[in-house]
Amino acid sequence: MTFSVDVAVRGYELDTQGHLNQAVYLQYAEHARWELLRAAGLPQDKLLASGVGPVQLEVRVRYLRELRGGERVRVTCRFDYGTGKTFTLAQQIIKEDGTVVAEITGVAGLLDLTARRLVDDPKGRLAALAGNPDLLTG
């Protein structure tokens with residue numbers, strides 16, 4: 001399942017050319033990831049109380065089109081699990097007219113906050129904690 005959240009580009013997020021600052025694309029992606037976890041029943045405080053937290057290990061952003069102040073976008077997020085301790089993140093930032101303005105891909109894991117090591121089965125651990133685990137599967 002691909003989750004999404006809508007965001008409006010704010011004036012203070014623009015660079016000197018009037019485009020969305022490159023770092024803000026990453027903030028939008030992070031916002032969508034946390035909103036996905038929250039919608040699945042995993043707000044930050046619940047994750048921390050259970051002794052785990054998501055970690056981003058790698059990220060790649062492809063900037064495809066410009067964004068300007070006042071435009072509204074949809075930020076998608078999907079977790080794709082394989083085997084092992086990591087999983088991939090697939091995200092897009094899409095204008096209201098359907099134009100994909102950025103693609104963000106990454107590798108993430110679930111960190112055991114005591115051992116400071118990645119958990120062996122992030123999909124299973126997240127699903128066991130979540131109130132709505134179906135949102136967490138890609």
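Below or above, wherever it landed, is the structure these notes cover. Everything quoted here is computed from the prediction, not taken from an experiment. (Residues numbered from 1 in each chain as written. Predicted model: local features only at pLDDT ≥ 70, side-chain atom pairs only at ≥ 80, totals over all residues. Heavy atoms only, no water.)

### Examining helix α1 (residues 22–39)
With 18 residues, α1 should cover 26 Å at 1.5 Å per step; its first-to-last C-alpha distance of 27 Å lies within 8% of that length. Taken residue by residue, α1 has V24, Y25, Y28, A29, A32, R33, E35, L36 and L37 as its buried positions. Among the residues of α1, the N-terminal cap falls to N21, whose side-chain oxygen and the backbone nitrogen of A23 are separated by 2.8 Å. Taken from the residues just after α1, G41 is the one with a positive phi, measuring 95°. (Helix = DSSP H or I, 4+ residues; strand = E, 2+ residues; numbered from the N terminus. Expected span 1.5 Å × (residues − 1). Buried < 20%, exposed > 50% of the residue type's maximum accessible area, 1.4 Å probe, protein only. Polar contact = N/O pair within 3.5 Å; in protein donor to acceptor, adjacent residues only side chain to side chain.)

### Focus: the pattern of salt bridges
If you walk through the whole model with that rule in mind, you get nine salt bridges. D120 is the salt-bridge partner of K85, the closest N and O atoms lying 3.7 Å from each other. Taken together, the residues span a long stretch of sequence, with K85 in the loop between β3 (72–81) and β4 (86–95) and D120 in the loop between β6 (117–118) and α3 (122–129) at a distance of 35 residues. A relative accessible area of 39% places K85 in the partly exposed class. (Salt bridge = Lys/Arg side-chain N within 4 Å of Asp/Glu carboxyl O.)

### Observations concerning the nonpolar core
A general tendency of soluble globular proteins is for nonpolar side chains to be buried together. Membership of the largest hydrophobic core comes to 35 residues, with the highest contact counts inside it found for Y28, L67, V75, F79, I93 and L136. Elements with a minimum of two residues in this core: β1 (3–8), α1, β3, β4 and β5 (100–112). Among the elements that take part in this core, α1 stands out by supplying seven residues, more than any other. In contact with L136, not counting residues within four places along its chain, are L37, A40, L42, F79, Y81, L126, A127 and A130. (Core = buried A, V, L, I, M, F, W, Y, C linked by side-chain atoms within 4.5 Å. Contact = heavy atoms within 4.5 Å.)

### Brief notes about the packing of aromatic side chains
Pairs of aromatic rings are described using the distance from one ring centre to the other and the angle between the two planes. Evaluated as defined, the whole model comprises four aromatic pairs. Ring geometry for Y25 versus Y63: centroids 4.9 Å apart, planes at 80°, classification edge-to-face. In this pair, Y25 is assigned in helix α1 and Y63 in strand β2 (residues 52–63), connecting sequence segments 38 residues apart. Residue classification places Y25 among the buried positions, given a relative accessible area of 4%. Take Y63: its relative accessible area is 41%, and that puts it in the partly exposed class. Centre to centre, the rings of F79 and Y81 are 6.4 Å apart; their planes meet at 80°, and the pair counts as edge-to-face. The same class applies to F79 as to Y81, namely buried. Through pairs of rings, three or more aromatic residues link up here, namely F79, Y81 and F87. (Phe/Tyr/Trp six-rings, centres within 6.5 Å; stacked < 30°, edge-to-face > 60°.)

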